Amino acid sequence: LVLLFLSATSISPQAAPASTMFPTGTTLVPLGTGQSELRHAYQALFSEIYDDHEPVAWTAIDSVYSATTYAPGTIVSLGGMSGDFDSVATDGTYTVDRAHVLRPARIALFYSEVRDTADQVVTWEEATFEQLFRVYLWGDYFDTISETAIISGSLAKYDILILPSITVGYADDVADALGTTGLTALADWVNDGGTLYAQGDGCYLVEAAGLVPTGTVDLNNRLTDDPPYDNMAALNIDEPDNSLTFSWLTQETNILDDPVLSATSTISVVATYSDTTRPGTPAIPLARRGDGQE
């Protein structure tokens, strides 16, 4: 779900957007299972947006070029994106009925000041995200941000905040470290247009900030997978038109004693778990508040 970290706005804001015609020489880069070098394609995408500032779009529905159908999530590059990945340079006008414009988003990665009894950082998957950006995408496309920085108002500099998983048993400690001031700052930032991505026990901070109803994140009940117990869970796609489902390699995800999530009328469910101890529970919930989303 790398593209979750890119802000996307519709090319045509109308309820029924008109077709967008791209000129000859536009490069199409299909993602998902059809891309032989997905890693290199994403590296080139981030470089195109953040480093070269070239115009890039992302298709939102099926599109056709030269009798070939391209799935949603196909990159449309006007700057001629190239590299060690599958791409097609069009030799005629390419038209798509709905797409998103991609722009460089200012990304903050939460790195908690709270430590466990062994003096280890409790936002334990923060290192995974650092590796994703620096090793997988070849770029420092993010800053780290702590409770102190959030309390001081530093979130205003960012478009996206990533809340990594928190060590089981420490979510309340992190919420206490943020305090009323930090949690209010988090809620205000989302309501003013920020995009918040949380996973695992990090989701509890979303509830603690009042952005989702109390009881949405159940820290007392945990998800595990069915045999062979490989910490992988299959997903059912509930909203196939949602951009969070585009460009997946496989319809499964890692789980490791994650809290059980529930959905209310204010939360849409993009995908649910199918082969866990709680089949049918939300795997990817999406909530919108004010001008933002989490």
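Now for a quick tour of the structure. (Residues numbered from 1 in each chain as written. Predicted model: local features only at pLDDT ≥ 70, side-chain atom pairs only at ≥ 80, totals over all residues. Heavy atoms only, no water.)

**Observations regarding helix 2 (residues 126–136)**
Then comes step 1: Considered for burial, the residues of helix 2 that qualify are Glu126, Phe129, Glu130 and Phe133. All buried residues of helix 2 project into a common sector of 100 degrees when viewed along the axis, lining one side.
Then comes step 2: Tucked into the core, helix 2 has its buried residues touching helix 1 (38–51), strand 11 (107–110), strand 12 (142–145), strand 13 (160–163) and strand 14 (195–198).
Then comes step 3: Directly beyond the C-terminal end of helix 2, a positive phi value near 60 degrees is found at tryptophan 138. (Buried < 20%, exposed > 50% of the residue type's maximum accessible area, 1.4 Å probe, protein only. Helix = DSSP H or I, 4+ residues; strand = E, 2+ residues; numbered from the N terminus. Arc of directions from axis to C-beta. Contact = heavy atoms within 4.5 Å.)

**As for helix 1**
Since there are 3.6 residues in each turn of an α-helix, residues three or four apart along the chain are aligned in direction.
Then comes step 1: Its 14 residues give helix 1 an end-to-end C-alpha distance of 19 Å, which sits within 8% of 20 Å, the value for a rise of 1.5 Å per residue.
Then comes step 2: Across the 14 residues of helix 1, 10 count as buried, placing the element largely inside the fold.
Then comes step 3: Of the positions making up helix 1, those classed as buried are Leu38, Ala41, Tyr42, Gln43, Ala44, Leu45, Phe46, Glu48, Ile49 and Tyr50.
Then comes step 4: Buried residues in helix 1 make contact with strand 3 (27–29), strand 4 (56–59), strand 7 (75–77), strand 10 (99–103), strand 11 and helix 2.
Then comes step 5: Histidine 53 sits one or two positions beyond helix 1 and adopts a positive phi of about 55 degrees. (Expected span 1.5 Å × (residues − 1).)

**Brief notes about the pattern of salt bridges**
Then comes step 1: All told, the structure shown has 5 salt bridges when counted by the stated rule.
Then comes step 2: Between arginine 106 and aspartate 159 there is a salt bridge; the shortest N-O distance is 3.1 Å. Taken together, the residues arginine 106 in the loop between strand 10 and strand 11 and aspartate 159 in the loop between helix 3 (147–151) and strand 13 connect sequence positions 53 residues apart.
Then comes step 3: Accessibility expressed as a relative area gives 15% for aspartate 159, which makes it buried. (Salt bridge = Lys/Arg side-chain N within 4 Å of Asp/Glu carboxyl O.)

**Here we look at the side chain of glutamate 147**
Then comes step 1: Within the element layout of this structure, glutamate 147 appears in helix 3.
Then comes step 2: No salt bridge is formed by the buried glutamate 147, whose closest oppositely charged neighbour, arginine 115, lies at an N-O distance of 6.9 Å.
Then comes step 3: Engagement of the side chain of glutamate 147 in a polar contact is seen with the backbone nitrogen of glutamate 113, the distance being 2.8 Å.
Then comes step 4: In contact with glutamate 147, other than residues within four places in its own chain, are Phe110, Tyr111, Ser112, Glu113, Val114, Val174, Ala177 and Leu178. (Lys, Arg positive; Asp, Glu negative; His and termini not counted. Polar contact = N/O pair within 3.5 Å; in protein donor to acceptor, adjacent residues only side chain to side chain.)

**A few points about the packing of aromatic side chains**
Then comes step 1: Using the criterion set out here, one finds 8 aromatic pairs in the structure.
Then comes step 2: A ring pair is formed by phenylalanine 46 and tyrosine 50, whose centres lie 5.7 Å apart and whose planes are at 5 degrees; its orientation type is stacked. Taken as a pair, phenylalanine 46 and tyrosine 50 lie in helix 1 at a separation of 4 residues, close to a single helical turn.
Then comes step 3: With a relative accessible area of 13%, tyrosine 50 lands in the buried category. (Phe/Tyr/Trp six-rings, centres within 6.5 Å; stacked < 30°, edge-to-face > 60°.)

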